[in-house]
Amino acid sequence: MNGVSRRGFLVGTGALAAAATASRGGAAEAGSASARDPFLGTQGAPLAVGCPNLQAPGETTMGVTWRVSGLAKGVVEYADNPAFANARIARPGGYGLVPIDVAALAVRLEGLRPATRYYYRTVTTPFTDYRNIYDAKLGAPIVSKTYSFTTLGAAAKAHFCMMSDTHGQWKPFEMIAKKVKELSPAALVWNGDATNTTQKKETAVEIFLDPPVESRDYATTIPVLFESGNHDFRGSWISKKEEVIQPRHPAERRGDQWDLKWNFAVRLGEMALIGMDTGEDKPDAHPKWFGLANFEPYRRAQAAWLAEQVARPEIASAKFKVLFCHIPLFAAKDHPDYPHDGVKVDPEDYAYWSRECHDLWVPILEKAGVQLVVCGHKHRFRFDAPMADRPWAQVVGGGPELGVTRGKPDAGRFPTVVEGKVENGRLRLLVHDVFNGRVVLDRVIA
């Protein structure tokens, strides 16, 4: 991406998001509420409850996270039938004390069956007063609508969509969310740069859980597989983003892989979907990071994880294998992106593609027979067809710009939804330009 177009238009997104949240009944409700300690309870202020978001899906697990505007507890009721016969209840957290919060509640459903439809609803109860556990008072429970989801697995529908580089820009976000709802995939990969620079939890709550768009309910029925982009590591609060966007189930990780929180390798019908994290777009030694970057060991750890995941029987046996990561893994030597490979410690340069990730991961994915790599980052659609020395295709999605770069018309800048589905035993790839309402790529990959 060009530096000005990618960064310049995004300055102040966090402040704008916080203001939007307040105007819609967020953390600052009204009157003296903004000065009150929210952890003392709602004190009679009405509790706003957002629609649930399905996160970190698996074959036997599903995350459900939703926004609240004040101190509350919550549970998820779920069953394999719309009448909720023999329904189960899941609470936040694990053993011991059940978490409560003033901004978001997160529940993980476990013990589910693969490729099975479930019905669910959230039940949220405000604490009107919480001076201490002996003097707490509850308000009336708020029950959501009934929604449904289908777990992943080899018998699930082989159909995904990918969005990336939304950067909290609501006009393109609505276009993308509307298209995703229309296509109704079995899973949505959010492939990074969901945020810009996140200084407050409220900003992340709005972006991930309660965006100010008409189609904000897109994730009530379509589960989201999240992978960070470089901007999703920026800001004084962002290291705590798992409070808002759930990581993978802990049982998927060994102790030495604990920090690979969002990497995924899952079956979706005939497809295996694999998610990797390219990290930041500059070397760890770059002066911009003030010594905070530790991405080079992170990428090496992911290489070891990737080698193990592609050897798992359910992944190895998939007819089609698709890898997702934010920063592209390839640029042709004659392409203008090629010199910007992310390994130079240069204050004016950053990765247009990641040479380090390419060198670490590509030998593994080629040995495993990955046919397609899906990326974002560049804010411009591109397709790299497979070649004799590179047997996999690469597709790069667009960003939030609506036909403009640096204030000038640019027909090559438009937000996209990348779609992949298995039809008649073949993997079909489509790229939807949601700004101009057209399909810019329709190709059989394998």
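For the structure itself, consult the block above.
Quick look at the structure, then. Here the structure is a predicted model, which is why all the values come from computation and not from measurement. (Residues numbered from 1 in each chain as written. Predicted model: local features only at pLDDT ≥ 70, side-chain atom pairs only at ≥ 80, totals over all residues. Heavy atoms only, no water.)

A short note on the overall build of the chain
Turning to step 1, where the next piece is worked out: Assigned secondary structure in the chain consists of 7 helices and 23 strands.
Turning to step 2, where the next piece is worked out: In terms of C-alpha radius of gyration, the chain reaches 22 Å, essentially the compact-globule figure of 22 Å for 446 residues.
Turning to step 3, where the next piece is worked out: Each principal axis of the C-alpha atoms in the chain carries an extent, and together these give about 70 × 45 × 45 Å.
Turning to step 4, where the next piece is worked out: A total of 446 residues make up the chain; the buried ones form 57% of that total. (Helix = DSSP H or I, 4+ residues; strand = E, 2+ residues; numbered from the N terminus. Rg over C-alpha atoms; globule rule 2.2 N^0.38 Å. Buried < 20%, exposed > 50% of the residue type's maximum accessible area, 1.4 Å probe, protein only.)

A closer look at helix α7 (residues 355-368)
Turning to step 1, where the next piece is worked out: The first and last C-alpha atoms of α7 sit 20 Å apart over 14 residues, in line with the 20 Å expected at 1.5 Å per residue.
Turning to step 2, where the next piece is worked out: Along its buried surface, α7 packs onto α5 (295-309) and β15 (320-324).
Turning to step 3, where the next piece is worked out: In the stretch just after α7, G369 is the one whose phi turns positive, near 85°. (Expected span 1.5 Å × (residues − 1). Contact = heavy atoms within 4.5 Å.)

Focus: the packing of aromatic side chains
Turning to step 1, where the next piece is worked out: In total, this model carries 18 aromatic pairs according to the counting rule given.
Turning to step 2, where the next piece is worked out: Centre to centre, the rings of F127 and Y130 are 4.9 Å apart; their planes meet at 50°, and the pair counts as tilted.
Turning to step 3, where the next piece is worked out: Measuring from centroid to centroid gives 5.4 Å for W170 and F173, while their planes differ by 70°, and the two rings are edge-to-face. Here the residue W170 and the residue F173 both occupy positions in helix α3 (residues 170-183), the gap between them amounting to 3 residues, near one helical turn.
Turning to step 4, where the next piece is worked out: Taking the ring centre of F84 as reference, the NZ or CZ of R121 above it sits at 3.8 Å.
Turning to step 5, where the next piece is worked out: For the cation-ring pair, K378 lies above Y352, with the distance from its terminal atom to the ring centre recorded as 3.8 Å. (Phe/Tyr/Trp six-rings, centres within 6.5 Å; stacked < 30°, edge-to-face > 60°. Lys NZ or Arg CZ within 6 Å of the ring centre and 35° of its normal.)

Regarding the environment of L323
Turning to step 1, where the next piece is worked out: Note that L323 resides in strand β15.
Turning to step 2, where the next piece is worked out: A C-alpha to C-alpha distance of 16 Å links L323 and L260, two positions 63 residues apart in sequence.
Turning to step 3, where the next piece is worked out: If sequence neighbours within four positions are ignored, L323 has contacts with I274, M276, L306, L329, L365, V370, L372, V373 and V374.

Quick word on helix α4 (residues 201-208)
Turning to step 1, where the next piece is worked out: Counting buried positions along α4 yields 7 of 8 residues, so the element is predominantly enclosed.
Turning to step 2, where the next piece is worked out: Residues of α4 that are buried: K201, T203, A204, V205, E206, I207 and F208.

A closer look at the pairing of strand β18 (residues 393-396)
Turning to step 1, where the next piece is worked out: By the alternation rule, side chains of β18 split into A393 and V395 and Q394 and V396, which are all buried.
Turning to step 2, where the next piece is worked out: As paired elements, strand β16 (residues 372-375) and β18 share 4 bridges and run parallel to each other. Bridging from a neighbouring strand, V374 pairs with V395 of β18.
Turning to step 3, where the next piece is worked out: The pairing of strand β17 (residues 382-384) with β18 spans 3 bridges and is antiparallel. Following the sheet pairing, F383 is matched in β18 by V395. (Pairing = 2+ DSSP bridges.)

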